[in-house]
Amino acid sequence: MLELDTIAAISTPMGEGAIAIVRLSGEEAIAIADRIFKSPSGKTLSTVASHTINYGNIIDPKTNDVVEEVMVSVMRGPKTFTREDIIEINCHGGLVSVNRVLQLILTNGARLAEPGEFTKRAFLNGRIDLSQAEAVMDLIRAKTDRAMNVAIKQMEGRLSNLIRRLRQEILETLAHVEVNIDYPEYDDVEEMTHRMLIEKASNVRSEIQTLLQTSQQGKILREGLATVIVGRPNVGKSSLLNSLVQDTKAIVTDIPGTTRDVIEEYVNVRGVPLRLVDTAGIRETEDIVERIGVERSRQYLKEADLILLVLNYHDELTHEDEQLFEAVRGMDYIVIVNKTDLTKKIDLDKVYELASGHPVVTTALVQEQGVDQLEEAISSLFFEGNIEAQDLTYVSNSRHIGLLSQAEQAIEEAIVGIESGIPIDIVQIDLTRTWEILGEVIGESVHESLIDQLFSQFCLGK
Ligand code: GDP
Ligand code: ZN
């Protein structure tokens, strides 16, 4: 195990929680805690059994003041998350006293943990591999149950296991290539090797391709489907937004680092996380085009994964409506014909024609009618009605996607090489490269700087 200093952080969310936990990890964790802990019976934490919870007070050793009444968990490595000794101090006195406890720990020998440093230690000490560590990060950020499931599956090592198996296959193939190089005089060995090489390499390629195919869904699950609601003024955009939001308990967020006027709301539609973009535009000015201009709204449309195009049942189709159809051509969209409680003035045949195969749903949003059908249309559009199929190993992390694409290319080059009869030791290079790239997904050949960068994205205290 690596020799690392002792780190500490508040590991529960900031704010008014009932309990807050200060966590320490490292060789000195128990000794540092003992400096500020006093139990009624006088026992010290260094003498208690591992994985026990101990009642007592945190005292300021300089003044002997009682700072906080606490329960302290003592967990000795290696059977801990970081594989180091871990102390968790459960405080219940709110933010101020938790911070005092943390300050005392820091003045008694621990260092404040960097964001993600506990998880980084778990990785460095071999407790988890890199893709599992990234899954922890996704878990922290998971916005919906479904994204949470994907993250948990990944954490359980599904992706890692699959990658390991692929690497093993490549290694075995390389071993056969060695035989071929060592015994070139046996013609039948060469013959067999050639056929087997193609077969094995094609196999690896198709598994990588399957993984990449899930990545689109994986990204959607992780980040939410960027969804834009468009339509003429007064057709019912705000009403649609509200009924989606009401139905599903939305989370409103400002996007950090971008203009503050863009507000996103996350809603969970039958397991499909929608990220409704620019809800500020819909809520406040009623007209996204008027507010941000034609060019920028075109840009929004381009970047959207899904468009909800709203029309008015109680009004004739206008030139503007047709322009909207034009603008969303080639994208995933659903047409919503709203206000069916009023008399029909729209030409529905014309709507179907314009929609050319895209789903058309009729609603009367004031009466909350048709929302079910809309939700059905959304979920079947993105998971082909198949969203309960939980068995796929989703790749949802852009670093993984990038590496898998590189691996696909490398194995492709190997296959082309074998087929065109290139010397076998050149093919060997491509196979080795594939093996190395796949190793990077699970962190078996990663540089330190990359590791630092990844772990700095974690929340503090995780
Ligand atoms: P937006 O301008 O596209 O955002 O449209 P709003 O959602 O603000 O709705 C405009 C008006 O139409 C409001 O007075 C709504 O109450 C009304 N409205 C929305 N949906 C319906 C509907 O299904 N039937 C009827 N009769 N009125 C609706
Ligand atoms: Zn509105």
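Residues numbered from 1 in each chain as written. Chains lettered and ligands numbered in written order. Predicted model: local features only at pLDDT ≥ 70, side-chain atom pairs only at ≥ 80, totals over all residues.

1. Here we look at the site of ligand 1
Gly 236, Lys 237, Ser 238, Ser 239 and Lys 339 are the nearest of the 17 residues found near ligand 1. Tallying contributions element by element places helix H8 (residues 237-248) first for the shell around ligand 1, with three residues. (Near = placed C-beta within 6 Å. Helix = DSSP H or I, 4+ residues; strand = E, 2+ residues; numbered from the N terminus.)

2. Notes on the environment of Val 277
Note that Val 277 resides in the loop between strand E11 (272-276) and helix H9 (279-285). Measuring from C-alpha to C-alpha, the distance between Val 277 and Ala 304 comes to 8.4 Å, with 27 residues separating the pair along the chain.

3. What to know about the nonpolar core
If you look at the biggest cluster of nonpolar residues, it comprises 65 residues, and the most contacted ones within it are Ala 8, Val 22, Leu 24, Ala 33, Ile 87, Val 101 and Ile 105. Broken down by element, the residue count for this core peaks at eight residues, all from helix H14 (residues 398-419). In terms of domain composition, this core takes at least three residues from each of domain 1 (7-129) and domain 2 (144-219 + 397-443). Not counting residues up to four positions away in its chain, the partners in contact with Val 101 are Val 22, Ile 58, Val 67, Glu 68, Ile 89 and Cys 91. Residues Val 230, Val 269, Leu 311 and Ile 336 belong to the second largest nonpolar core, which totals 34 residues. (Core = buried A, V, L, I, M, F, W, Y, C linked by C-beta atoms within 7 Å. Buried ≥ 20, exposed ≤ 12 C-beta atoms within 10 Å, placed from the backbone. Domains from an automatic or database assignment. Contact = placed C-beta atoms within 7 Å.)

4. Structural notes on the pairing of strand E2 (residues 20-25)
In terms of burial, E2 is largely enclosed, as five of its six residues are buried. Strand direction decides the pairing type here: strand E1 (residues 7-10) and E2, joined by four bridges, are antiparallel. By the bridge assignment for E2, Ile 7 is matched with Ser 25. The sheet contact formed by E2 and strand E6 (residues 86-91) spans six bridges and is antiparallel. What sits directly across from Ser 25, in E6, is Ile 86. (Pairing = 2+ DSSP bridges.)

5. As for the pairing of E11
The buried count for E11 comes to five of five residues, which makes it a mostly enclosed element. Strand direction decides the pairing type here: strand E8 (residues 225-231) and E11, joined by three bridges, are parallel. Paired with Leu 225 across the strands is Leu 274, a residue of E11.

6. Remarks on the sheet that holds strand E7 (residues 111-112)
Within the open sheet, the seven strands sit side by side as E3-E4-E5-E6-E2-E1-E7. Their pairing is mixed. Looking at strand neighbours, the two that pair on one side only are strand E3 (37-38) and E7, the edges of this open sheet.

7. Concerning the UniProt feature "binding site: (6S)-5-formyl-5,6,7,8-tetrahydrofolate" (unreviewed entry) in the protein
Mapped onto the present numbering, the UniProt feature "binding site: (6S)-5-formyl-5,6,7,8-tetrahydrofolate" (unreviewed entry) falls at Arg 23, Glu 88, Arg 127 and Lys 462. Of the residues examined, Glu 88 has 20 C-beta atoms within 10 Å and is grouped as buried. (UniProt positions renumbered as here; feature names shortened; annotations may be inferred.)

8. A few points about helix H1 (residues 29-36)
Of all the positions in H1, only Ala 29, Ile 30, Ile 32, Ala 33 and Ile 36 are classed as buried. For H1, the buried positions fall inside an angular range of 160 degrees around the axis, keeping them on one side. (Arc of directions from axis to C-beta.)

9. Describing the packing of H14 against helix H15 (residues 424-441)
When two helices pack together, you describe them by how their axes are tilted relative to each other and by the distance separating the axes. The contact between H14 and H15 brings their axes to 8 Å, and the two run at 165 degrees. Regarding the angle of H14 to H15, the classification is roughly antiparallel. Considering only the axes of H14 and H15, their crossing is left-handed. Where H14 approaches H15, its residues His 400, Leu 403, Gln 406, Ala 407, Ala 410, Ile 411, Glu 413, Ala 414, Gly 417 and Ile 418 are matched on the opposing element by Ile 426, Val 427, Asp 430, Leu 431, Arg 433, Thr 434, Ile 437, Leu 438, Glu 440 and Val 441. (Axes fitted to C-alpha atoms, helices over the stretch in contact; angles between N-to-C directions. Parallel < 35°, antiparallel > 145°, perpendicular 65-115°, else oblique. Left-handed = near helix turned anticlockwise from the far one by under 90°.)

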